[in-house]
Amino acid sequence: MSNTQHRHRHGSLKQTNKAHKTGRHRSKSAVDNANKGKTSVKAVTRKMDRVMSRDSRRQQAQQLRKNKRADTMNKKRQLGTSEYAPFLVCLLPLEASIDPRSTLDMLEKCDPEALVYKNLSGITYLSVPRFKQRFSFIVPPVGRGNEFTALDYLKVADTTIFIVSANNPEGEIMDRWGSRIFQMAMAQGLPTPTFALQDLESIAPKKRIPMKSSIQKIVEKLIPDQKLVTLDTNSDALNLLRKIGAQKKNKLKNRMCRPHLYADKVDYCQEVLKVTGYLRGTPLDVNRLVYIPGLGDFQMAQIDVTTDPYPIDKRNIDQEIATKVFAVADEKLQTPLDRENVLNEVEMEEESEDVTEEATEKPKKLIKRVPVGMNSYTAAWIPDVEEVDDEDESEEGSSDDDDDFMSCASEVDSNAEMEDEGSQNGDDEGYQEITEEEGVSDVAKYDNEMDFEEEKRSLEKMKAARTDKLWPDEIDTPQDIPVRLRYQKYRGLESFRTSPWDTEKNLPSDYSRIYNFENFRNRARFELKEAENVLGVPAGLYVTVHIKGVQQSLWEAFSSAQDSENFILYGLLPHEHKMSLVNCVLRRTPESEIPIESKERLIIQCGYRRFITNPIFSEHTHGNKFKFEKFFRPNEIVVASFYAPIQYPPATVMCFRSNPDSSVSLVAAGSLLTCDPNRVVLKRIRLSGHPLKIYKDFAVIRFMFFNCEDVNYYKPIKLRTKCGRMGHIRESLGTHGHMKCRFDGQLKSYDTVYLQLYKRIFPKWTYQECLKTELPAKGAPAAGRMDVD
């Protein structure tokens with residue numbers, strides 16, 4: 001036996017125990033020294049350009065933050081200086097008794113060295129050499145019927161000065177018109193606000209401080225952290241100007257990402273409209289389109305740059321004003337004015353060929369066993385599929401029942417459209433104006449100002465909304481016509497959340513006229529990001545935009561309007577003039593108690609556009625299908641869908657309803673969601689039945705149908721009860737609509753059984769631009785005439 005000893009040699013799977021900790025923390029340098037240059041596998045495979053030390057990452061973040069801060073400060077320093085457009089300030093009184101012209105006179109005289117310029121369009125330019133800043137003031141008209149004009153002023157203003165008075169014994173800072181316009185301004189997006197208090201010195205000295213404190217509390221409730229500025233002396237006016245030029249500006253994304261211009265001068269000559277003023281926002285490309293509220297969309301011919309006529313220094317007043325052509329439009333690169341999608345003859349022939357091929361193609365191997373008279377669309381919810389040969393196909397579709405089905409189809413469609421669309425005669429009726437006579441009592445005066453027909457319509461609408469809230473989507477089963485014929489366009493769903501719905505099937509003809517993006521959110525993000533990098537006329541210059549294609553009759557009708565001085569021009573981003581299906585998230589205002597019915601005619605302001613349309617409402621939830629809402633009730637949130645030109649979010653949306661006295665009231669406000677025609681809005685109807693006999697999990701249900709054919713037709717659809725049970729139809733009992741059903745538990749005697757059917761609905765093409773040159777269509781509400789006057 002050999003005495004040789006063998007030593008154990010460990011393999012690749014040798015256990016390595018953790019080293020004992022000595023209680024001292026080793027630094028990174030000590031760890032590197034202990035490793036002696038060894039590198040882990042993860043560190044070797046990682047790309048070197050992605051590996052950055054902590055100091056490098058900190059330095060890079062600091063450099064990015066420094067560049068952003070410098071860019072922001074550079075933009076802030078340019079605003080209002082001689083190198084950029086002046087501060088555009090809107091003077092808006094919150095009471096009709098306050099004269100904003102007195103406030104403007106005080107601001108003009110606060111600095112003896114200031115230069116004051118006035119033009120025919122109503123703009124007052126004020127150059128203050130001590131601040132090295134310029135200001136331009138605009139005053140909107142005040143009073144009922146001028147709400148839209150005031151909102152247009154606020155869209156382009158940099159700062160808003162709300163003027164309040166201390167001579168109010170009731171302690172309120174705004175009247176009825178002021179509260180209405182302030183609510184609309186907050187919903188639209190308020191420029192940088194400032195509250196100026198006048199007439200404080202007219203009060204007794206002991207009451208000045210308490211009065212100012214009480215008004216300050218009211219202001220803080222309206223806008224938190226907002227300080228009240230007194231405006232009674234020249235020093236107060238100078239401090240107000242200093243605050244306007246130094247305060248932080250509110251960033252309104254919809255205005256910052258688009259070029260816009262408040263006209264200083266407008267000239268018309270041979271179908272060419274010359275608009276002169278300071279360009280603000282982003283650069284303006286001459287090959288794109290512009291939008292003028294009250295006129296529409298137009299193309300540009302050229303853009304001229306003019307020497308600034310309102311300098312800060314007095315030495316530059318007598319300088320010659322020179323004009324040079326900056327950009328000329330290229331007809332090959334210009335954006336066309338086509339708003340709707342028009343199919344050419346080749347595409348129409350291809351579509352007709354596709355339709356004929358589909359009609360002549362052979363039946364598929366996979367078919368469904370469906371009841372007599374059911375088409376492929378309404379049979380989509382039947383899960384049973386069988387494989388049969390072409391020779392063994394059933395000929396049940398050509399039975400006598402099918403002939404009866406086809407003969408009744410036209411009458412059923414007409415009845416269904418009448419019920420689904422609803423009558424709008426109440427909305428189309430006009431309002432009769434009753435003049436007040438002398439010597440009429442207060443009671444008679446109140447009655448004369450009341451529209452009793454409108455009161456009756458409002459009462460009926462509130463009753464219908466309450467009924468729909470208590471029994472949502474429930475309908476009475478018709479007894480004079482079979483249910484399968486009356487609601488042949490409806491189908492069942494196994495699950496509203498997970499069941500599929502083909503978005504490309506049974507689309508209306510209006511869908512061939514609109515545009516659709518493959519990914520709208522990515523497109524909107526790209527266009528808004530590239531808006532600042534457009535090669536065009538930079539913002540801040542004093543320019544003259546030549547707009548071509550303006551007809552003389554169109555311009556004469558526009559210039560004859562009372563508020564034609566309010567001339568604003570917006571530059572459109574790519575595709576923003578094309579029609580699509582717009583979806584907006586809206587919340588009802590608490591002041592309005594009358595519900596809004598779907599397809600009711602409303603005035604909608606979406607971003608910089610204002611138009612009249614009939615939206616449909618749906619739930620604002622997650623998923624790929626959304627339930628149709630018949631009424632838009634107070635304090636609710638819904639999604640409104642309607643046909644309108646494309647616009648990229650973010651953009652504020654406001655809905656107005658016309659009043660009998662030709663004024664408008666804000667009924668809802670929200671924001672733009674998407675421009676997606678593939679949003680599926682489903683209208684639901686619920687056929688209700690009641691248990692007659694209950695035995696464990698079986699029950700006999702009646703009053704849901706009134707013939708056995710309907711019972712057999714709707715067998716595949718799942719039943720639901722008010723108490724949460726689920727079941728199916730087993731068989732028909734008799735010939736009067738009684739049916740035997742089985743549920744997942746025993747029913748209660750007071751329970752109600754529902755059968756739910758769905759149909760996709762679409763809005764109607766009722767888009768009408770609010771132009772000052774067009775009269776509303778016959779039967780349109782009074783609100784459509786507001787921009788005509």
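Being a predicted model, the structure only gives us computed values, none of them experimental.

Describing the overall build of the protein chain
Argument step 1. Helix and strand counts for the protein chain come out as 18 helices and 35 strands.
Argument step 2. A total of 789 residues make up the protein chain; the buried ones form 45% of that total.
Argument step 3. At a minimum sequence separation of 6, the contacts of the protein chain that also span at least 24 residues come to 76%.
Argument step 4. When the accessible area of the protein chain is evaluated, it comes to approximately 44800 Å², of which 49% is carbon and sulfur surface.

A short note on the confidence of the model for the protein chain
Argument step 1. When pLDDT is averaged along the protein chain, the result is 79; 79% of the residues meet or exceed 70.
Argument step 2. The low-confidence segment residues 384–440, where pLDDT is below 50, has 70 contacts with residues more than four positions distant or belonging to other chains.
Argument step 3. Low pLDDT, under 50, characterises residues 775–789; the predicted model gives this stretch 37 contacts beyond four residues in sequence or across chains.

Comments concerning the pairing of strand β3 (residues 124–128)
Argument step 1. Most of β3 sits out of view: five of its five residues are buried.
Argument step 2. Going residue by residue along β3, you find T124, L126 and V128 tucked away on one face and Y125 and S127 tucked away on the opposite face as well.
Argument step 3. Strand direction decides the pairing type here: strand β2 (residues 115–118) and β3, joined by four bridges, are antiparallel. Looking across to β3, one finds that V116 is bridged to L126.
Argument step 4. The hairpin turn running from β2 into β3, its antiparallel successor, is five residues long, and G122 in that turn takes a positive phi close to 95°.
Argument step 5. Sheet analysis places β3 next to strand β4 (residues 133–138), joined by five bridges and oriented antiparallel.

A look at empty space enclosed by the protein
Argument step 1. All chains considered together, the criterion is met by seven cavities of 30 Å³ or more.
Argument step 2. Lining the largest cavity are P259, T282, P283, L284, D285, R288, L289, A531, V534, G571, L572 and L573.
Argument step 3. Class assignment for the residues of the lining of the largest cavity results in eight nonpolar, two polar and two charged.

Looking at the packing of aromatic side chains
Argument step 1. Tallied over the full model, the rule gives 29 aromatic pairs.
Argument step 2. Considering the side-chain rings of Y268 and W555, the 5.8 Å spacing of their centres and the 20° angle between planes classify their relative orientation as stacked. Linking Y268 in strand β9 (residues 265–269) with W555 in helix α17 (residues 552–559), this pair joins segments that are 287 residues apart in sequence.
Argument step 3. A cation over an aromatic ring shows up here: R679 above the ring of F626, its NZ or CZ 3.7 Å from the ring centre.
Argument step 4. Taking NZ or CZ as reference, K740 lies 5.0 Å from the ring centre of F698, over its face.

A word on the side chain of Q226
Argument step 1. Tracing the sequence through the fold places Q226 in the loop between α7 (205–222) and β7 (228–230).
Argument step 2. Owing to a relative accessible area of 9%, Q226 belongs among the buried residues under this scheme.
Argument step 3. If near-sequence neighbours (up to four positions away) are discounted, Q226 is found in contact with P193, T194, F195, Q216, V219, E220 and K243.

Focus: the pairing of strand β34 (residues 753–760)
Argument step 1. Within β34, eight of the eight residues are buried, which leaves it mostly tucked inside the rest of the structure.
Argument step 2. Burial of the side chains of β34 extends over both faces: V753, L755, L757 and K759 are buried on one face and Y754, Q756, Y758 and R760 on the other.
Argument step 3. Sheet analysis places strand β29 (residues 680–695) next to β34, joined by eight bridges and oriented antiparallel. In the sheet register, S688 faces β34, and the bridge partner there is Y754.
Argument step 4. Here two bridges tie strand β31 (residues 719–721) to β34, and the two strands are oriented antiparallel to one another. Note on β34: the bridge partner recorded for R720 is Y754.

Quick look at the side chain of S165
Argument step 1. By the secondary structure assignment, S165 is in strand β5 (residues 159–165).
Argument step 2. By relative accessible area, which is 9% here, S165 ends up buried.
Argument step 3. Within the structure, the side chain of S165 is placed 3.3 Å from the backbone nitrogen of N167, a separation counted as a polar contact.
Argument step 4. Only 3.0 Å separates the side chain of S165 from the side chain of D199, close enough to count as a polar contact.
Argument step 5. Here S165 is in contact with I98, L197, Q198, D199 and I215, once residues within four sequence places are set aside.

Concerning unusual backbone geometry
Argument step 1. Residue P649 is joined to P650 through a cis peptide bond whose omega torsion reads 5°.
Argument step 2. You can see P650 is positioned in the loop between β26 (637–645) and β27 (652–658).
Argument step 3. Backbone geometry places D225, a non-glycine residue, at a positive phi of 60°.
Argument step 4. In this structure, D225 sits in the loop between α7 and β7.
Argument step 5. In this model, Q270 sits at a positive phi of 55°, which is unusual for a non-glycine residue.
Argument step 6. Structurally, the position occupied by Q270 is in the loop between β9 and β10 (272–280).

Rules used throughout
- Residues numbered from 1 in each chain as written.
- Predicted model: local features only at pLDDT ≥ 70, side-chain atom pairs only at ≥ 80, totals over all residues.
- Heavy atoms only, no water.
- Helix = DSSP H or I, 4+ residues; strand = E, 2+ residues; numbered from the N terminus.
- Buried < 20%, exposed > 50% of the residue type's maximum accessible area, 1.4 Å probe, protein only.
- Contact = heavy atoms within 4.5 Å.
- Areas by Shrake-Rupley, 256 points an atom, 1.4 Å probe, with all protein chains shown as cover.
- pLDDT = per-residue confidence, 0-100.
- Pairing = 2+ DSSP bridges.
- 1 Å grid on protein atoms, 1.4 Å probe; cavity = no way out; pocket = protein on both sides within 12 Å on 5 of 7 lines; lining within 4 Å.
- Points joined across faces, edges and corners; volume = space filled by probe spheres on them.
- Nonpolar A, V, L, I, M, F, W, Y, C, P; charged D, E, K, R; others polar.
- Phe/Tyr/Trp six-rings, centres within 6.5 Å; stacked < 30°, edge-to-face > 60°.
- Lys NZ or Arg CZ within 6 Å of the ring centre and 35° of its normal.
- Polar contact = N/O pair within 3.5 Å; in protein donor to acceptor, adjacent residues only side chain to side chain.

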